[in-house]
Every structure is written in C-alpha cells, then in structure tokens.
Amino acid sequence: LTRGGKEIWGNNDMNNYINGIFDKYKDELNILYGSTEFDLLIRPEGKTDSHYIYCRYEECSVGNLLADAFKSAGNSEASIVNGGGVRSSIYKGNLTRSQIMAVAPFFNNLIVKMLPGQCILDALEFGVSKHPTSSGGFPQVSGISYDIETSLNTKVQTDSQGLFMSITGNRKVTNAKINGELIDPNKNYSVSMSDYIGNGGDGYTMIAKYEVFKEGLLTDTDAIAYYIKNELKGIIPAKYKDFQGRINLVNGSISSIPSSNLSSIPSSIPILLKSLALIIILML
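Residues numbered from 1 in each chain as written. Predicted model: local features only at pLDDT ≥ 70, side-chain atom pairs only at ≥ 80, totals over all residues. Heavy atoms only, no water.

So, the sheet that holds strand β15 (residues 247-250)
As a reminder of what qualifies: Here the rule is simple: two strands pair whenever DSSP picks up at least two bridges between them. Where helices and strands are cited, they refer to DSSP runs of H or I of at least four residues and of E of at least two residues respectively, numbered from the N terminus.
Strand order in the open sheet formed by 4 strands is β12-β11-β8-β15, and the pairing between neighbours is mixed. The open sheet has two edge strands with one neighbour each: β12 (181-182) and β15. Taken together, the 4 bridges between strand β8 (residues 144-149) and β15 define a ladder with parallel strand orientation. The residue bridging E149 from the neighbouring strand is V250, located in β15.

The structure is reproduced here in structure tokens:
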C-alpha cells in the first residue's frame, strides 16, 4: 500500500519486521548525500499502477538523473538505463541513503561496453518498440538523444520470450545522436549500463554479445549517491525539474498518455480541435 508517498505492508507483523530491519541499520540508511528543492516524480500523484510510470514510456527526470550518474561513473560517452529499473520518486527535502536505495534497490554492478553505433540504434529501437504502451525496457539515456516517430508501428521481431531478434522496415527511432552528432552505425561508442542490461536483461540481447570493456565500477545505487554528493555538490540542480529534450515524441502524437488511459479520451476532441482551427483561420 502507498500512504503519503511511503510504501507500507498491509500486514502489521510484516511492517514490524521490516521496520525492525530499518532500525538496525538506521545509521547507515540515514547518511545524508544532499537535498532537492523540488520533487522528481516517476508517476502522477495518486497513481500507483505501473502503466503510469513516466520512465517506462517517455523521458523522466529521475531517469535522467540515473543515466547521468551511470555515465559519470563509467566515464563513458553515453549511458542507457532501463526505465523499469527506476523504482521510486525523489521527494523534496534531504536525500539519504535510504531514499537513494528506494530509487535503485537492486545493487546491480555498473559496466561499460564498446558498442557499434548499429547496436545502439537497434537497442533504442527495441527499447521503444512497445511505445506508447509502458515497458520496463524503455531506454532512459545520457549523452544520447533521439526522436520517437509515434505514427509508426513497431517492426521489431522478438522470440516467444520477448528477446530481440531483428528489425525490418522503417524505424520508430529517428535522429538518434550521441553528444549532438548523429550516431554512426560503423563507429564504436563507450556506453555505461547495469550488468543487468549488459547481460541481455529486458530482452537487450543485441548488447549481451559484446564483451565488457570496463568493470569493477560502483553499483547503480552507489553511483547515484556518489554523483549527487560529489558531481552535483549535494544539490539537485533545476535542470532536472523538466524534460531536457533527450527523448522527443514527433508527429504530434498523444502517446505520452499511458495506453491504459487512451480509451478515456473523448472521440469528439479531434473534431472540436479541427473546428477551433477553422474558426481561427476564418478570423485571420
């Protein structure tokens, strides 16, 4: 259950057990790494369903923060974070170890791989293939920017387990860049990621076949803590309030609304919009 932004167990015995663990490690869990003057939310207030988690179908502020931390930890050109790995919002106030652990609770090890541009393009295409439906594999990025052509249906082929196989036809991902330059399919780029993604997690088999270039780095949880404390000097900057143009929806789609909620949009809205446009034109 979620109450006041905090998850609790409905069973009192379980709550007492979990709280006992927190009490045992409270000194470590209360280590202070910084603060923020605003919320970085992964879903709208009052919504608990995973379909509403921003990081699973569009750019999100917490996803940007994690991706930047990964890129920094690996000293790489770019990073990719699976949206399903972003587990909690960051709320206004002090940032303790407990809060950071809630955001990335898996303690996956970070690695760096040298990936051909074509592999990165395939990974991005695969990652957005279910869009606008939310997906845990949706790629949050740092050092990378890309557009999603929302009018196209996916051409990604997967096996019975949802693992990547191939791509045919036009791609949904366009204008993909690394550090402002179009990705060269034949060039190798250093990319930070969790070993979960690096080993093919969430279906990213195209990445799994490449050897690890750099390992022995921080865990994802520690990378975030280090980034906030040392790179950001303990203060989450205002740039994380809003989207930064890393992921752009093109063709005027309404797909930023979760697919589970699309049916609630009145069918009369497109007609009203056309009528309004005609009225404006006649008034000019």
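There is more to say after this.
A look at the packing of aromatic side chains
To keep things clear, this is the line we draw: Stacked, edge-to-face and tilted labels apply to pairs of Phe, Tyr and Trp rings (six-membered ring for Trp) whose centres lie within 6.5 Å, assigned for plane angles under 30 degrees, over 60, and everything in between, in that order.
Taken as a whole and judged by the stated rule, the model has 2 aromatic pairs. Arranged with centres 5.3 Å apart and planes meeting at 80 degrees, the rings of F126 and Y204 form a pair that is edge-to-face. One end of the pair, F126, is in helix α5 (residues 117-127); the other, Y204, is in the loop between α6 (195-198) and α7 (205-208), and 78 residues separate them in sequence. Every member of this aromatic cluster is reached through a ring pair, and the members are F126, F164 and Y204.

As for the sheet that holds strand β6 (residues 110-116)
Operational definition: Lines fitted to C-alpha atoms define the axes here, with helix axes fitted over just the stretch in contact, and angles between the N-to-C directions of these axes take values from 0 to 180 degrees. Throughout, a contact is declared for two residues whenever any of their heavy atoms are within 4.5 Å.
Read across the open sheet, the 5 strands follow the order β7-β4-β13-β6-β14; overall the sheet is mixed. With one partner strand each, in any of the chains shown, β7 (139-142) and β14 (212-214) form the two edges of the open sheet. The mean angle between the axes of side-by-side strands here comes to 40 degrees, regardless of whether they run parallel or antiparallel. Sheet topology note: the strand β4 (residues 78-82)/β7 ladder contains 4 bridges and is antiparallel. Among the inter-strand pairings, I80 is bridged to a residue of β7, identified as V141. With respect to the sheet, helix α3 (residues 61-74) is in contact with β4, β6, β7, β13 (188-194) and β14, its orientation differing from that of β7 by roughly 50 degrees. Seen against the sheet, α5 touches β6, β7 and β13 and runs at an angle of roughly 110 degrees to β6.

Notes on the pattern of salt bridges
What counts here: Each salt bridge in this description consists of a side-chain nitrogen of Lys or Arg and a carboxyl oxygen of Asp or Glu lying within 4 Å of one another. Only protein chains enter the accessibility calculation, which uses a 1.4 Å probe; a residue is then buried when its area is under 20% of its type maximum, exposed when over 50%, and partly exposed in between.
Inspection of every chain in the model, using the stated rule, returns 4 salt bridges. A salt bridge links D222 to R97; its shortest N-O distance comes to 2.8 Å. In this pair, D222 sits in helix α8 (residues 220-231) while R97 sits in helix α4 (residues 97-103), placing the two residues 125 residues apart along the sequence. The exposure class of D222 is partly exposed, given its relative accessible area of 24%. Within this structure, E28, R97 and D222 form a network of salt bridges that share partners.

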